[in-house]
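One-letter residues, chain by chain:
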Amino acid sequence: MFGAGAMGTAVAMHAARAGVPTALWANPLDERALAGMRSERRHPTLPEHLPDSLQVFGPDELDAAADGCEVAVLGASSAGARSLAAMVAGVTGPAGSVVSLAKGLEPDSLLRVSEVYADVLGRDEVVAVGGPCLAGELAEDQPSAAVWAADRLGAARAAGDRLANESYHVTYSDDLPGVEYAAVVKNVAAIGMGIVDGLAGRRDQDLRNAKAALFTRAVDELATLVTALGGRRETALGLAGLGDALVTSLGGRNRRFGEVVGTGADPAAALERMEAEGHTVEGVDSTRSLRALADRAGVDLPYHLAVEGVLFGGNDPATLLEVLP
C-alpha cells in the first residue's frame, strides 16, 4: 500500500488481517499519520489499532516497502494521484496489478485517476475500487462491500480476489469509467446531504422529507451523467453509485463537511479545518469538476450544481431546497 491516508491504511489493515503479506508505505505527506502509527500502532483518524502483521515503512524506506510487491495499491486522493505515482514509479514495475483507491478526477485535466496512473506508471491496465466502504468501518473489520473494476474482468479479479472474504465482499466490473465517474458524483451528492443536515439543525427542523426527495434527485442525476459519459446505468444504480452515495451521505467525510457548511460556516474555512485534522474531502474538487463534465456531456444537474453554488458561488445553503423534484 503506497500512501497512508485513512482509506489506504484501512485497506492495508484488512489485507493484513486476511493473511496477505502487506506493507504500508507512508509518503512525505503522511508524517503526522506515521508518527501515530509508530508510537501507538494506530492511524490518528481511524478507530482501530493496526494488526501486528502489518509492516509500516517511512518515506525513506520505499525500496524496502516495495520489495516483492505483487499488487501495488495507491492510496492517494485524486488531487495527489500524479505526485504519488511519480514517487513510486521506480518500484512498481514488477507488480502484477496497480490499484487506485481515489474517488475523484485529477483537477484541471479531469482525467480519471486510472488514466493518470496508466500514464505515469506506463501501465496498460489499472484497477479502480469503488462502492460503499467507509474507512473507519473497514478498519474495524465491520461488514463491507466494494466494487473492483478494470477494463477486463480478469484484471479486476486478479487484484481483488486475495482480499475478498466474509467481511469484505467484492463485486467485479468491467465498467471502469462508470465506477470511477460514479465515485466522483457521489461525493458531491453527499456534501449536499450534509448541507441539508446542517440547515435542519440551524432551523431546528428535521427536513427528512426534503432529504429523501433530494437524494432521489441526486441518484437520478448521477445515473444521467455516468451514462452520458459512457458508463452503464446499472453501475450508477448499483454499489458503485447509489450504494456509495448512500453510505457517504450517512457518515462520510464529505457529508460532515457539508453539514458544517449548512450551519452557516464559510466553506473555505470549514475545508481548511478538516484538512488540518487530517481529513481529505475529495468532493470539494469534484464539485468544480462536475460542471465541466455536465457541459461536456450536455446534461443538466440541478442538484449538484446547486451544491456548487453554495460552495463556490456564495449561495445560501437553503437554495438546495429550491431544486426538490
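Structure shown above.
A short tour of the structure in this document, coming up. (Residues numbered from 1 in each chain as written. Predicted model: local features only at pLDDT ≥ 70, side-chain atom pairs only at ≥ 80, totals over all residues. Heavy atoms only, no water.)

### A closer look at the packing of helix α9 (residues 208-228) against helix α15 (residues 302-312)
Step number 1: Running from N to C, α9 and α15 cross one another at 105 degrees; their axes reach a closest spacing of 8 Å. By the angle class used here, α9 and α15 are roughly perpendicular. Of the residues in α15, those in contact with Leu214, Arg217, Ala218, Glu221 and Leu222 of α9 are Pro302, Tyr303 and His304.
Step number 2: Classifying every residue of the contact of α9 with α15 by side-chain character gives five nonpolar, one polar and two charged. (Axes fitted to C-alpha atoms, helices over the stretch in contact; angles between N-to-C directions. Helix = DSSP H or I, 4+ residues; strand = E, 2+ residues; numbered from the N terminus. Parallel < 35°, antiparallel > 145°, perpendicular 65-115°, else oblique. Contact = heavy atoms within 4.5 Å. Nonpolar A, V, L, I, M, F, W, Y, C, P; charged D, E, K, R; others polar.)

### Things to note about the environment of glycine 75
Step number 1: Mapped onto the elements of the fold, glycine 75 is located in the loop between β3 (71-74) and α4 (81-88).
Step number 2: Each residue touching glycine 75, except ones within four places of it in the same chain, is listed here: Met1, Phe2, Leu84 and Leu101.

### Topic: the side chain of serine 289
Step number 1: Following the sequence through the fold, serine 289 ends up in helix α14 (residues 283-297).
Step number 2: For serine 289, a relative accessible area of 6% translates into the label buried. (Buried < 20%, exposed > 50% of the residue type's maximum accessible area, 1.4 Å probe, protein only.)

### Observations regarding the sheet that holds strand β4 (residues 97-100)
As a general point, the strands of a sheet are linked pairwise by backbone hydrogen bonds and lie either parallel or antiparallel.
Step number 1: Reading across from one edge, β3-β4-β5-β6-β7 is the order of the five strands in this open sheet, with mixed pairing throughout. Each edge of the sheet is formed by a strand with only one pairing partner; in this case those strands are β3 and β7 (168-173). When strand polarity is set aside, the average angle formed by the axes of neighbouring strands in this sheet is 25 degrees.
Step number 2: As defined by bridge partners, β4 adjoins strand β5 (residues 127-130) across two bridges and the pair is classed as parallel. Each residue of the ladder has a partner; that of serine 100, found in β5, is alanine 128. (Pairing = 2+ DSSP bridges.)

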